[in-house]
Amino acid sequence: MVSMVPMGFRDAVLETARRERPGTAHYMGRRAAIGTALAGIGVFRTAAQDPIRLLALGDSLTAGFGLPQDQGFVPQLEAALAARGRAVRVLNAGVSGDTSAGGLARLDWALADRPQAALVAFGGNDGLRGLPPAQTRANLAGILDRLAARGIPVLLIGMLAPPNLGADYGREFAAVFIDLARERPGVVFYPFFLDGVAADPALNQPDGIHPNARGVAVVVDRLLPAVETLLDRLPAG
């Protein structure tokens, strides 16, 4: 392992050690202690620079559409995890306007950063466009299966269809996410991305679709336990 100890600090410590007389018990003990301390600092610095890589694969809700860079879903989630003492780098793989088909098509590109866990959050644009639920199901199944093949644990985040598409479509659409999660017991499931935010003007941008910064904070707060459950499934170390 490459030591991460600053050279100035290392040189000062070793110079102090050189002033001790070689061959004495005090000298030998001090050298051993210094070696242990330097090794420990190197391990600590390396670990601190290697946060968990968490992929956030989704659409405009993930991308932070309409929000300043530091107020979107990804930065707010990363900050919330840091406040809980978790060193996590959330990789923003959200593309505004993307459907589940788009997510499946660009999955290999999204995996280039070698994530250790993934959030999968599609369905908003599938529902807005009235796409067949069976098509959404097939695309999401493809994403989940390819992530499973790579040994990447997943949090599947569900979506609801707009009410104007009718009750039958709404039930069939919601069942897509429920069934996928039921068929894959290893997947962590959160039923609705916009829980507590949808249809609340105070928590949404003027379009009534995308949450504002306050709305994102609500989303992150409610989603956080599921994200932590996902992270706890990663192998120690």
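Given the structure is predicted, the values throughout are model-derived calculations rather than measurements.

Brief notes about the environment of Gln116
Part 1: Take Gln116: it is sitting in the loop between helix 6 (107-110) and strand 3 (117-121).
Part 2: Residues Gln116 and Gly151, spaced 35 residues apart in sequence, show a C-alpha to C-alpha distance of 8.4 Å.
Part 3: Setting aside its immediate chain neighbours within four residues, Gln116 contacts Pro51, Ile52, Arg53, Ile152, Pro153 and Leu234.

Here's the deal with the confidence of the model for the protein chain
Predicted coordinates in areas of low pLDDT are best not read in detail.
Part 1: Looking at the protein chain, pLDDT values average 86 and 79% of them are 70 or higher.
Part 2: The low-confidence segment residues 1-47 (pLDDT under 50) makes 30 contacts with residues lying over four places distant or belonging to another chain.

Considering the packing of aromatic side chains
Part 1: One pass over the structure, following the stated rule, counts three aromatic pairs.
Part 2: Each ring, one from Phe73 and one from Phe193, has its centre 5.2 Å from the other, and the planes form 50°; the classification is tilted. Of the two residues, Phe73 sits in helix 4 (residues 73-83) while Phe193 sits in the loop between strand 5 (188-190) and helix 10 (213-231), which places them 120 residues apart along the sequence.
Part 3: For Phe73, a relative accessible area of 2% puts it in the buried group.
Part 4: Its relative accessible area of 3% is what places Phe193 among the buried residues.

Notes on the packing of helix 8 (residues 133-149) against helix 9 (residues 167-183)
Part 1: In contact at an axis separation of 9 Å, helix 8 and helix 9 are set at 20° when each is read in the N-to-C sense. Here helix 8 lies roughly parallel to helix 9, going by the angle between them. Note that helix 8 runs across helix 9; the crossing there is right-handed. Counted together, Pro133, Thr136, Arg137, Leu140, Ala141 and Leu144 of helix 8 and Tyr169, Glu172, Phe173, Val176, Phe177, Asp179, Leu180 and Glu183 of helix 9 form the full contact between these two elements.
Part 2: The residue makeup of the contact of helix 8 with helix 9, split by class, is nine nonpolar, one polar and four charged.

How each quantity is defined
- Residues numbered from 1 in each chain as written.
- Predicted model: local features only at pLDDT ≥ 70, side-chain atom pairs only at ≥ 80, totals over all residues.
- Heavy atoms only, no water.
- Helix = DSSP H or I, 4+ residues; strand = E, 2+ residues; numbered from the N terminus.
- Contact = heavy atoms within 4.5 Å.
- pLDDT = per-residue confidence, 0-100.
- Phe/Tyr/Trp six-rings, centres within 6.5 Å; stacked < 30°, edge-to-face > 60°.
- Buried < 20%, exposed > 50% of the residue type's maximum accessible area, 1.4 Å probe, protein only.
- Axes fitted to C-alpha atoms, helices over the stretch in contact; angles between N-to-C directions.
- Parallel < 35°, antiparallel > 145°, perpendicular 65-115°, else oblique.
- Left-handed = near helix turned anticlockwise from the far one by under 90°.
- Nonpolar A, V, L, I, M, F, W, Y, C, P; charged D, E, K, R; others polar.

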